[in-house]
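# Residue-level structural notes
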Amino acid sequence: MRVFIAGMDGYLGWSLAQHLARRGHEVAGADALYRRSWVEEMGSASAIPIATIDRRLEALRENTGNAIPFWNGDLRDYGLVDRIFREFEPEAVIHLGECPSAPYSMIDREHTMFVQMNNLTTTFNLLFAIRDLAPGAHLMKLGTMGEYGTPNVDIPEGFFDVEYRGRKDRMPFPRQAPSWYHWSKVHGSNNIMFACKIWGLRATDVMQGVVFGSRIDGMGEDWRLRTRLDFDQAFGTVINRFSCQAVIEHALTPYGAGGQRRGFIPLRDSMQCLSLGLENPPEAGEYRVFNQFAETYSIRELADTVQKVALTLGLNAGVAPVENPRAAVERHGHHFAPDHDRLRELGYQPSRDVASEVREMLEDLLPHRDRIAKHQSALLPDVHWDGRRRRVDYLGKDGPSDWTWAGADEAVLKVDAASP
Ligand code: USQ
């Protein structure tokens, strides 16, 4: 199948290009390489070194025999989107071309506006291009489990049956997003649902949980094929951040008491799920929603797991809760029970447990501990949901009462002393 990946240079996009090329798809991609500069703006860098886009494409050609057409540009420019669609004639479009960070969207007015305008405009451009130039193409759009928020009832896959004042209907499940970024995903979902209705497009909206992991099968030893792995407050997801903290023996930083529960999925499983959706497209006019994650965990469980796995590698990282910069929207200990059956019905089989994935990640990260130590100031958040920017405090021995204090100060001092 001819598959166009919007956002091919990112954490997921670069992995997906390789995964789909190896599955025999004809892949093309575009990216404005913004992720590289956003992470730099946050004072950080990918923990795992990544090659320039030219060297990446060259490595893909050498390793898989696929010469992948690539457009280096911004998909908010409809002229570019129009050109890509005419030249490549996609049969499917996988839309990963958005700014994916909740904290980044909460920095200030400019960042909020950028994230929303960027994400909405790109999605609109792809929708119109599909309508006018590739009407049969299947749009797979990366949404997020965060669109639902954490309601005190179970979460269905997109839609649920409602009975109200004696009448029944099937309706979209309410969205209660926890950041301006997550709201941009909600708006995107609504726009896609509407486009399917009025234009008969086919789309899969993927409510993905938090992704973690440093590689997929087949990335092998050629460093140019490796995907990025971020650990800064905005672009590092929580298990990846904890793993980077652990390799430099910096205390792991659960926000608050760590009772937030989320759905998580390893990077290689995300690839498995996206290809299952791609290869089993919906009917024309159908808008379907998948909840894409392997399991749910609390942040505290994850901190414990990363800490234990790290110990088996001789890494002694403490666990020290910090004040939660998202306190306005996150609760400690809440109901979280989302359905996630549709991908399993298509054949999704979770590949590994968190501990095995974390072990592999720590082994991948160990050779790069100096890179992480060099940017360790990016580890502690300073973007708060109340809009006032200030470094978070450790909650200390008098913090959440059910924590065993694990010595953050010692761990941080140890790293400071060791860093260049
Ligand atoms: N957290 C900590 N300590 C940290 C970092 C995060 O306790 O050092 C907590 C956060 O408070 C939050 C949870 O971990 O409760 C997840 O945070 P995250 O930064 O890993 O993920 P999030 O901001 O929710 O966003 C990430 C991706 C985003 C995707 C989303 C899926 O960046 O693109 O949409 O995961 S979901 O969370 O299911 O909405």
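Treat the numbers as computed from the prediction; the structure is a model and nothing was measured. (Residues numbered from 1 in each chain as written. Predicted model: local features only at pLDDT ≥ 70, side-chain atom pairs only at ≥ 80, totals over all residues. Heavy atoms only, no water.)

Attention now moves to the overall build of the chain. Within the chain one finds 14 helices and 12 strands. By its C-alpha atoms, the chain is 65 × 60 × 40 Å across when sized along the principal axes. When the 420 residues of the chain are sorted by exposure, 59% land in the buried category. Of the contacts made within the chain by residues no fewer than 6 positions apart, 82% connect residues no fewer than 24 positions apart. Surface exposure of the chain reaches about 17100 Å², of which carbon and sulfur atoms provide 49%. Between the mean site of the 48 positive side-chain charges and the mean site of the 57 negative ones, the chain shows a separation of 1 Å. (Helix = DSSP H or I, 4+ residues; strand = E, 2+ residues; numbered from the N terminus. Buried < 20%, exposed > 50% of the residue type's maximum accessible area, 1.4 Å probe, protein only. Contact = heavy atoms within 4.5 Å. Areas by Shrake-Rupley, 256 points an atom, 1.4 Å probe, with all protein chains shown as cover. Lys, Arg positive; Asp, Glu negative; His and termini not counted. Charge placed at Lys NZ, Arg CZ, Asp CG, Glu CD.)

Time to look at the domain arrangement of the chain. Taken domain by domain, the chain comprises domain 1 (2-229 + 264-295) and domain 2 (298-413). On a C-alpha basis, the centres of domain 1 and domain 2 stand 24 Å from each other. Domain 1 puts 48 residues into the contact, and the matching count from domain 2 is 38 residues. Overall, the association of domain 1 and domain 2 removes approximately 3800 Å² of surface from exposure, summing both partners, and the carbon and sulfur fraction of that is 60%. Counting the contacts that link domain 1 with domain 2 gives 21 residue pairs in polar contact (both at pLDDT 80 or more). Counting residues per element, the ones that place at least two in the side of domain 1 that touches domain 2 are helix H5 (102-105), strand S10 (261-266), helix H9 (267-279) and strand S11 (287-292). Class assignment of the residues belonging to the side of domain 1 that touches domain 2 gives a composition of 26 nonpolar, 13 polar and nine charged. (Domains from an automatic or database assignment. Buried area = accessible area lost by both parts, 1.4 Å probe. Polar contact = N/O pair within 3.5 Å; in protein donor to acceptor, adjacent residues only side chain to side chain. Nonpolar A, V, L, I, M, F, W, Y, C, P; charged D, E, K, R; others polar.)

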